[in-house]
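Letter by letter, the chains look like this.
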Amino acid sequence: MPLEVTARTDPGARLVALAERLASEIAPCAADHDRDGSFPFDSLASVKQSGYLAAPIPEQLGGLGVASVHDLLVASSRLARGDAALTLGVNMHLVFVLNVVRRWQIAKAAGDERRARAFGETLEEIARDGTVFASAGSERRQDLTRPTTRATRTETGWVVAGHKVFCTMVPAADVLYTAVTYTDDGGRERYGYAMVPRRTPGVVVHDDWDALGMRASGSHSVSFEEVRLPLSALRGGFPIGNAIEYMERNLSAGLFHAAAGLGIAESAHASVATGLARRDQLDPHAQMLAAEGFVDLSACRAVFSHVAALIDEHHERNPASRGTAHELTRLFAEAQSAKLFIGEAAVRIVDRALAQSGGVGYLNGSPLARAYRDVRALPFMHPLGANRAYAFLGQLAAGREPRLH
């Protein structure tokens, strides 16, 4: 096996060890949930009880204090070795928490005590209450920076109406962070996230997730039928159509998806490597497949670790700001490039592992059969699916202004 990616900080190393333990604990249940297309509530409960969901929150605010995005991503890849479908939802929760942590860090460094206090209180509440967040961002025929789901101001708050798809982990979520379009007090349309408790009247979770892979992810669609929220449920945001703001909020999201793909590939490669080691002789084709898998896995880990470290370095260089538009665009592009590469290479790694396994890997009860299906989900995942990502990166490579649409 190529050398694994490891954590770079002590809190990160502890989190990676925790993720490995959790992966071993939840792995035996993954096959049954995949077969049934059921959500692994017990597995999530184990992850939640361990404190993993509060990993990015500083220790003084009740979390595990893992400040390195690199280390959070490494831990996510380890967790995915046990259950990649559950890891998807856990990762989307972490992306939301990371965004809050980042805003708290910027406010503190900039000396903005009011904002720092507000974000700090939010983080303390998340850690104390164990709140589980699910993303409600994807829509059919989506314009990424212009949600069709709308929040309308009332005398007492907001009314949210619209429809979302691929709301991963929604069966277990306490709150849906929901991408909406709204009009501010100045009459300007803005993109914002409405915090919608899942049990609010008018929130309809459709039991409609029945996919080729990631069957246990609970990625149902959700309708918001005149959902009434208090005024505090929606604040801030950015002007509709602003690509830089969108990229900043989704800087690490693609890498968290890539982490799941890497974990699947690592697990598949390891499962056949053990069998190959026991064979008396290896035919040339088996050796070639094993070597190609080794090369792809080494490249995936290198790209993954490099881009994750770039995000950490960006945060260190910009403690009191989000950075420039140029920096954010280039960093977002690096993350999408890594997601593309890992997504495609992970498919190749799993395919080779299946070929080397013989007939046993073809059976539905085999982890390799599940890996074969699960790994093919990565190219469809946000913030940029493969088709959009290639267009975005091609424009950037050609020296043009890249567009998200």
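Participant: Just to check I follow, could you spell out the overall build of the protein chain for this structure?
Facilitator: Counting secondary structure elements, the protein chain contains eleven helices and eight strands. Over its C-alpha trace the protein chain gives a radius of gyration of 21 Å, about what one expects of a compact globule, namely 22 Å for 405 residues. When each of the 405 residues of the protein chain is scored for burial, the buried share is 56%. Counting contacts in the protein chain only where the partners sit at least 6 residues apart, residues at least 24 apart contribute 76% of the total. Only carbon and sulfur atoms are counted for the fraction: they give 52% of the accessible area of the protein chain, which is about 17800 Å². Side-chain charges of the protein chain comprise 43 positive and 45 negative groups, with the mean position of each set lying 4 Å from the other.

Participant: It is not clear to me how the environment of Ser221 should be interpreted in this structure. Could you clarify?
Facilitator: Its place among the elements puts Ser221 in strand β7 (residues 220-230). Its relative accessible area of 5% is what places Ser221 among the buried residues. On a C-alpha basis, the gap between Ser221 and Val16 in space is 32 Å, while along the polypeptide they are 205 residues apart. Non-local contacts of Ser221, meaning those with residues more than four positions away in its chain, are made with His163, Lys164, Val165, Val204, Val205, His206 and Asp208. Engagement of the side chain of Ser221 in a polar contact is seen with the side chain of Asp208, the distance being 2.4 Å.

Participant: Please explain the pairing of strand β2 (residues 150-153) as it appears in this structure.
Facilitator: Consecutive side chains of a regular strand alternate in pointing toward one face of the sheet and then the other. Inspection of the sheet shows β2 paired to strand β3 (residues 157-167) by four bridges, in the antiparallel sense. In the strand pairing of β3, Ala151 is matched with Val160. Where β2 folds back on β3, the antiparallel hairpin that results is connected by three residues.

Participant: So what exactly am I meant to see when it comes to the pattern of salt bridges here?
Facilitator: Side chains carrying opposite charge are able to pair once their charged atoms draw close together. What the rule picks out here adds up to 24 salt bridges. Between Arg81 and Glu4 there is a salt bridge; the shortest N-O distance is 3.0 Å. Of the two residues, Arg81 sits in the loop between α3 (69-80) and α4 (84-110) while Glu4 sits in the segment before α1 (10-36), which places them 77 residues apart along the sequence. Note on Arg81: relative accessible area 26%, which makes it partly exposed. Overall, Glu4 belongs to the partly exposed group, its relative accessible area being 38%. Two residues, Asp112 and Arg115, come together in a salt bridge whose shortest N-O distance is 4.0 Å. A relative accessible area of 29% means that Asp112 is categorised as partly exposed.

Participant: I tried to follow the pairing of strand β5 (residues 189-197) on my own but got confused; where do I start?
Facilitator: As judged from the nine bridges shared by strand β4 (residues 175-183) and β5, these two strands associate in the antiparallel manner. Within β5, the residue paired with Tyr177 across the bridge is Met195. With antiparallel pairing between neighbouring strands as the criterion, β4 and β5 make up a hairpin whose turn holds five residues, including Gly187 at a positive phi of roughly 85°. Taken together, the two bridges between β5 and strand β8 (residues 238-239) define a ladder with antiparallel strand orientation. In the strand pairing of β8, Tyr191 is matched with Phe238.

Participant: When you look at unusual backbone geometry in this model, what are you seeing that I'm missing?
Facilitator: Glycine aside, residues mostly have negative phi, and peptide bonds are mostly found in the trans state. Here the residue pair His382 and Pro383 is connected by a cis peptide bond, since its omega of 5° sits within 30 degrees of zero. Tracing the sequence through the fold places Pro383 in the loop between α10 (367-374) and α11 (386-397). You will see that Met169, though not glycine, has its phi angle at about 70°, which is positive. Look at Met169 and you get buried, because its relative accessible area is 0%.

Parameters and conventions
- Residues numbered from 1 in each chain as written.
- Predicted model: local features only at pLDDT ≥ 70, side-chain atom pairs only at ≥ 80, totals over all residues.
- Heavy atoms only, no water.
- Helix = DSSP H or I, 4+ residues; strand = E, 2+ residues; numbered from the N terminus.
- Rg over C-alpha atoms; globule rule 2.2 N^0.38 Å.
- Buried < 20%, exposed > 50% of the residue type's maximum accessible area, 1.4 Å probe, protein only.
- Contact = heavy atoms within 4.5 Å.
- Areas by Shrake-Rupley, 256 points an atom, 1.4 Å probe, with all protein chains shown as cover.
- Lys, Arg positive; Asp, Glu negative; His and termini not counted.
- Charge placed at Lys NZ, Arg CZ, Asp CG, Glu CD.
- Polar contact = N/O pair within 3.5 Å; in protein donor to acceptor, adjacent residues only side chain to side chain.
- Pairing = 2+ DSSP bridges.
- Salt bridge = Lys/Arg side-chain N within 4 Å of Asp/Glu carboxyl O.

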